Amino acid sequence: MDATQSRILVRVKVDDTHTDLLAHLMRYQGRRRAKRIVFLAALGLLVERGALTTNMIPIVEQDAAAIDAAANSGKKELKPLTTQPDDIAFLATLRKSLP
Amino acid sequence: MKAGVVAIDIGYSNTKLAHGDALVPEVKIIPSGVCAPDSVGGRVIGGGTGKTNQNLIVTVGGNEFAVGIEQTQIKQKRQRNPNYPFTEQYLALYYGGLSLTRASEVDTVVTGLPVEQYQNASTVSRLAARLRGEHEIAPGRVVSVREVYVTAQPVGAFVDMHFQGAQSKYREIMSRGRVLVLDPGFHTVDWAFFDQGSLLKSVSGSNAAAMSSVMECVSVSIEYDLGDKVTIERVEQALRSDSHSILFHGEELNISGYIETALDAVNTDAITDLLNAKNLDREQIDLVVLAGGGANYYRRAAEKVFPGSRIEISSSPVAANVRGYWYMERARCVAANSAASTQVK
């Protein structure tokens, strides 16, 4: 039987911007599911480039934002640490009162 | 992998972790249930909504423990003694926290004790010594902890409010005003009083009228009304899930009314007692910060007892203490690094 013909239509590169998301997926969804999600994302790219046609509704920006938010859960809602002089003075006063 | 600051807050209900070397901590929460791994079978371990589900097995003194288990899945009664920080269960949760960071070396661990225990210097130094050094958290997996800093638990919520407070005016109040931090946990309500940014130890403390008393009250009331007992673990689960309902003899039972009554009875008394015990003048408190697992349930009582004060609940109050520990130590590291780099220039 002839082997199924295949060719590379698109390469998916996971760059620095997405390593957090990928690590999150691997950790909380498991390797198999993570691979499937990356595969689906690749299919999405193919659709976007017109290499495939589909009846699926395209991912809207809100969904993408939700995925991003899940990957960084606990980060975005927190305010970043600041070390302005008043922060340093606040902590110094507090420390002095602690044994 | 090396970690700079790891903050860990080991409570009776949840163990909270804040770590990472960025300007925002990575926060994780697991239930504080600990048991032998075979007693939970192959089930996925871990908590309710928004919690990190982790199946963690650690080794303490040659014994294996599964940590991060929901209390409802454990048959043994929860630890309730002042020696809790010196038990195997506590160390297992500490190892679980270290395991979640994936670090093999940690520069500084910051943790907290209830205020009354914190006021005992030998307890503080014993705990620091226990947590410092090399720990084999699982066979062949060693984590080395260079320094341990132990503080009072509500200090974390105080620092967290400085960095996370929704209103910038709170920063001014916290530096110049009088702030009471109330931290209702499962077995104790901790409170700490700060005047112009300094902790006043003499008017800070802990008492036992905590969430467990509220749940006990709910359980007793249900038994009185309906003639059968509901464990406080099931009441706790209903409170945590916000559903406020449990299955009672196969029927859905809404326990909101029982909870409201119990909160009114227990919490107002608890806060009034602490004010009387420490002779604290409630009229001169500028801001009351509520943190910890029971924060939302104490708001009404706090409003009643401190009618003239601003009342603020920490954002994600369960993790407020641990975030504060992290902010406190991480700020010191960032400031020290920046001073060192200025000197080099």
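A quick note: this is a predicted structure, and the numbers were derived from the prediction, not measured. (Residues numbered from 1 in each chain as written. Chains lettered and ligands numbered in written order. Predicted model: local features only at pLDDT ≥ 70, side-chain atom pairs only at ≥ 80, totals over all residues. Heavy atoms only, no water.)

1. Some words on the sheet that holds strand β12 (residues 198–207) of chain B
Residues and elements named next belong to chain B. The strand order across the open sheet formed by five strands is β12-β11-β10-β15-β16, and the pairing between neighbours is mixed. Edge strands, defined here as strands with exactly one partner in the open sheet, are β12 and β16 (310–313). For this sheet, the mean angle separating the axes of adjacent strands, direction not counted, is 20°. In terms of strand pairing, strand β15 (residues 287–290) meets β16 through four bridges, oriented parallel. Bridge pairing in β16 links V289 to E312. Against the sheet, helix α4 (residues 153–164) engages β10 (178–184), β11 (189–195), β12, β15 and β16, with an angle of about 55° to β11. Here helix α5 (residues 169–176) sits on the sheet and contacts β10, β15 and β16; the angle it forms with β16, its principal contact strand, is near 110°. (Pairing = 2+ DSSP bridges. Helix = DSSP H or I, 4+ residues; strand = E, 2+ residues; numbered from the N terminus. Axes fitted to C-alpha atoms, helices over the stretch in contact; angles between N-to-C directions. Contact = heavy atoms within 4.5 Å.)

2. Considerations on the confidence of the model for chain A
All names here are of chain A. Of the residues in chain A, 38% have a pLDDT of 70 or more, and the chain-wide mean is 63. Mean pLDDT values over the elements of chain A span from 37, in helix α3 (residues 61–71), up to 91, in helix α4 (residues 85–97). Below pLDDT 50 for its whole length, residues 53–76 participates in 12 contacts with residues either more than four positions away or in separate chains. (pLDDT = per-residue confidence, 0-100.)

3. What to know about the pattern of salt bridges
All told, the structure shown has 12 salt bridges over all chains when counted by the stated rule. Between E223 of chain B and K229 of chain B there is a salt bridge, with the nearest N and O atoms lying 3.9 Å from each other. On the accessibility criterion, E223 of chain B (34% relative accessible area) is partly exposed. Because the salt bridges share partners, they merge into one network encompassing D86 and D87 of chain A together with R171 of chain B. (Salt bridge = Lys/Arg side-chain N within 4 Å of Asp/Glu carboxyl O. Buried < 20%, exposed > 50% of the residue type's maximum accessible area, 1.4 Å probe, protein only.)

4. Looking at the interface of chain B and chain A
Taken together, the 40 residues of chain B in the interface contact 22 residues of chain A. Summing the contributions of chain B and of chain A, the shared interface buries around 2,600 Å²; its carbon and sulfur component is 60%. Counting the contacts that link chain B with chain A gives two salt bridges. Here R171 of chain B makes a salt bridge to D87 of chain A, at a shortest N to O gap of 2.8 Å. When residues of the side of chain B that touches chain A are traced back to their parent elements, those giving at least two are β3 (26–31), β9 (141–152), α4, α5, β12 and α10 (320–344) of chain B. If one sorts the elements of the side of chain B that touches chain A by residue count, α10 of chain B sits on top with nine residues. Here the side of chain B that touches chain A is composed, by residue class, of 20 nonpolar, 11 polar and nine charged. (Buried area = accessible area lost by both parts, 1.4 Å probe. Nonpolar A, V, L, I, M, F, W, Y, C, P; charged D, E, K, R; others polar.)

5. Quick notes on the sheet that holds strand β5 (residues 56–60) of chain B
Residues and elements named next belong to chain B. Reading across from one edge, β4-β6-β5 is the order of the three strands in this open sheet, with antiparallel pairing throughout. Two strands lie at the open edges of the sheet, namely β4 (33–35) and β5, each paired on one side alone. Strand after strand, the sheet turns through a mean of 35° between neighbouring axes, direction not considered. Each of β4, β5 and β6 (63–69) touches helix α1 (residues 88–101); the most contacted strand, β5, lies at about 125° to it.

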